[in-house]
Each structure stands twice: as structure tokens, then as C-alpha cells.
Amino acid sequence: MRVLIVFCHPVDDSFCAALRDTAVEVFRARGCEAKVLDLYAEKFDPVMGADERRTYNERAPQDPALQSHIEGLRWAEALVFVYPTWWYGLPAMLKGWLDRVWAKDVAFTFDGTRQSIQPLMGHISKIAVLTTCGAPWWWSVVVGQPGRKTIMRGIRALCGWRCRTLYLAHYLMDSSTPESRARFLRKVRARLERF
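Conventions and cut-offs
- Residues numbered from 1 in each chain as written.
- Predicted model: local features only at pLDDT ≥ 70, side-chain atom pairs only at ≥ 80, totals over all residues.
- Heavy atoms only, no water.
- Disulfide = S-S within 2.5 Å.
- Buried < 20%, exposed > 50% of the residue type's maximum accessible area, 1.4 Å probe, protein only.
- Helix = DSSP H or I, 4+ residues; strand = E, 2+ residues; numbered from the N terminus.
- Phe/Tyr/Trp six-rings, centres within 6.5 Å; stacked < 30°, edge-to-face > 60°.

Draft legend 1. Region of interest: the state of the cysteines. Taken as a whole, this structure holds 0 disulfides when the rule is applied. Sulfur of C32: no disulfide; nearest cysteine sulfur belongs to C163 and is 15 Å away. Note on C32: relative accessible area 17%, which makes it buried.

Draft legend 2. Expanded view of the environment of A29. Relative to the helices and strands, A29 is located in helix α1 (residues 15–29). Assessed through its relative accessible area of 67%, A29 is described here as exposed.

Draft legend 3. Region of the structure containing the packing of aromatic side chains. Across all of its chains, the model carries 5 aromatic pairs by this definition. Ring geometry for Y56 and F108: centres 6.5 Å apart, planes at 50°, overall tilted. Of this pair, Y56 sits in the loop between α2 (50–54) and α3 (67–75) while F108 sits in strand β4 (residues 108–109), and the two are 52 residues apart along the sequence. An identical accessibility class is assigned to Y56 and F108; each is buried. Aromatic side chains F81 and W97 sit 6.4 Å apart centroid to centroid with 70° between the ring planes, which places their arrangement in the edge-to-face category. A residue pair is termed long-range when its members are at least 10 positions apart, and F81 in strand β3 (residues 78–85) and W97 in helix α4 (residues 92–101) qualify at 16 residues. The residues F81 and W97 share a single accessibility class, namely buried.

Set out below in C-alpha cells:
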């Protein structure tokens, strides 16, 4: 299986980096081809400009900087998103990546009506999210978990009909301990091995 790991964290030695490394190790040990897309390391530009927005509903993105990202999406059979949950949602960098790369004639087709949206990511059969959250799990639920819903519902809707999902979050990250982080890494490893 070809796995694209979309990593979004500005700090090289963050706990999210440990989550990324664990995912890479698990998938490669299972014989999968795993590639990491590091949005911060690549200095990905998350800002959609005026011209890009004006043509968004007309054609696939034309910016040459997006082509390797589009090729990565078309290559992948599984996606793993690794990011910190900030203000209950996705980091701006990751949201901008979704805005700019998951576009018309890449992730979906569209001829101007709501009923005309057709998914193009049917080759994606699995999506996993590995994230950290400063809030407790119950407060994240009260707030509505917008980041989780963006990927687990919105992005998943453009993927394969039977696309499996996995969402793992280390809550209370701001008050985490070495023990809680080690325990979460063990959980991530075990769940990804079964995924």
C-alpha cells in the first residue's frame, strides 16, 4: 500500500514529529511504501491568491508549486494526517493545503451545481489522523471537533466508498507527561499496525 503522510508542525523535535516517525516506521515495517509530505519544511504557501480563487471552480490549480502535491495525492492509496489541533481545528498551513490542493479536477469534479460534485479520490481507501489537543476530550466534543470533522467527514467524502478511518488524539497535551506521551505512542503503534 502507498501511504502519504501529511505532516504539519513547525517544530522539528515536536511530539507530532514523534507521531510522524512512528507512523513511517510502522508502515514501512509492514511492507508499505510511505512518503512524508512536510508542509513546513517545504515552506508550503497556504494562501490562495485572488487569481487562483477566481478560477477555482473552472479548472485544476495551475501553480507549478502545487503539482508535486497533486501527484502525491494521485499516488497515494492511504493518507495519514499528523498535526497539532490548534483552536479546535487544523493549523492554518494544513487548512491552506486542503484549500489549494484538494481542488477541482484533482479531488472532485464540479459543473456548477451542488448535485454535480463528483469525488475523484476513490483510490484512497484509508485515512488516519494523529493529532494532539490542548483541551480535554470532552471539551473538544462540546466545541464540535471542527478539525476532526473536516478530515473525517469532508475529506473522507471525496475518497473511496468504503474508506476506513482512524482518529487518534492525545488530549490535554499542554499538561502531558513523558509517561502519557509514551503511552499514546504505544497506542498509535498498535492501532496503526491493525489499520
